[in-house]
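Notes for the structure review
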Amino acid sequence: EMLRSLVGSEMCIRDRHITTYPNPFTDLVHFNTISIKSGKIAVQIFDINGKVVYIKEHFVENKLITINLSSLSIGVYLVKLNRKDFNHFSKIIKK
């Protein structure tokens, strides 16, 4: 079940596995991986037309992934976080 709560003036999207903040974001977006303490994870970001606009392998440190997306245009994106034992999709908004 998705829960939405305000964190300061920013929206925080939370599910059983991931907390995404801030959302909407300007440059940096953080993914708190509640069930993954460390290790590599593939990150793919798609625009609203399904085109891959970002793809990179990141390392989860202390249950956290931080990504600089300052190069993306303002808009709505779909994020896919994936590894052998984990698959997550979420929507992020660049403002």
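The sections below set out a description of the structure shown in this document. Here the structure is a predicted model, which means the values were calculated and not measured.

**Some words on the nonpolar core**
By size, the foremost hydrophobic cluster in this structure holds 19 residues, and its most contacted members are Phe31, Ile45, Leu69 and Ile92. The set of elements that each furnish at least two residues to this core consists of strand E4 (28-33), strand E5 (39-46), strand E6 (52-60), strand E7 (64-68), strand E8 (75-83) and strand E9 (86-94). Aside from chain neighbours lying at most four places away, what touches Leu69 is Phe25, Asp27, Val29, Ile45, Tyr54, Ile92 and Lys94.

**Side note on the sheet that holds E9**
The antiparallel open sheet is built from four strands, whose spatial order is E6-E5-E8-E9. Strand pairing shows two members of the sheet lacking a second neighbour, E6 and E9, which therefore form its edges. With strand direction ignored, the average angle separating the axes of adjacent strands in the sheet is 20 degrees. For E5 and E6, the ladder comprises eight bridges, and the chain directions are antiparallel. When the sheet's bridge partners are listed, Ile45 is paired in E6 with Tyr54.

**Observations regarding the pairing of E5**
In terms of residue burial, E5 counts as a mostly covered element, since six of its eight residues are buried. The antiparallel hairpin formed by E5 and E6 contains five residues in its connecting segment, where Gly50 sits at a positive phi of about 90 degrees.

**Considerations on the side chain of Ser90**
Take Ser90: it is sitting in strand E9. Residue Ser90 is classed as buried on the basis of its relative accessible area, which comes to 7%. Side chain to side chain, Ser90 and His88 meet in a polar contact 3.5 Å long. Every residue in contact with Ser90, bar those within four places of it in the chain, is listed here: Thr20, Phe31, Tyr77, Leu78 and Val79.

**Focus on unusual backbone geometry**
The linkage connecting Tyr21 with the following residue, Pro22, adopts the cis geometry, with an omega of -20 degrees. Tracing the backbone through its elements, the reader meets Pro22 in the loop between strand E3 (18-21) and E4. In this structure, Pro24 follows Asn23 across a cis peptide bond, with omega equal to 15 degrees. Its location among the elements puts Pro24 in the loop between E3 and E4. One non-glycine residue with positive phi stands out, namely Asn62, at about 50 degrees. Residue placement: Asn62 occurs in the loop between E6 and E7. In this model, Lys63 sits at a positive phi of 65 degrees, which is unusual for a non-glycine residue. Positionally, Lys63 belongs in the loop between E6 and E7. Among the residues examined, Lys63 registers a relative accessible area of 31% and is labelled partly exposed.

What counts, and at which threshold
- Residues numbered from 1 in each chain as written.
- Predicted model: local features only at pLDDT ≥ 70, side-chain atom pairs only at ≥ 80, totals over all residues.
- Heavy atoms only, no water.
- Core = buried A, V, L, I, M, F, W, Y, C linked by side-chain atoms within 4.5 Å.
- Buried < 20%, exposed > 50% of the residue type's maximum accessible area, 1.4 Å probe, protein only.
- Helix = DSSP H or I, 4+ residues; strand = E, 2+ residues; numbered from the N terminus.
- Contact = heavy atoms within 4.5 Å.
- Pairing = 2+ DSSP bridges.
- Axes fitted to C-alpha atoms, helices over the stretch in contact; angles between N-to-C directions.
- Polar contact = N/O pair within 3.5 Å; in protein donor to acceptor, adjacent residues only side chain to side chain.

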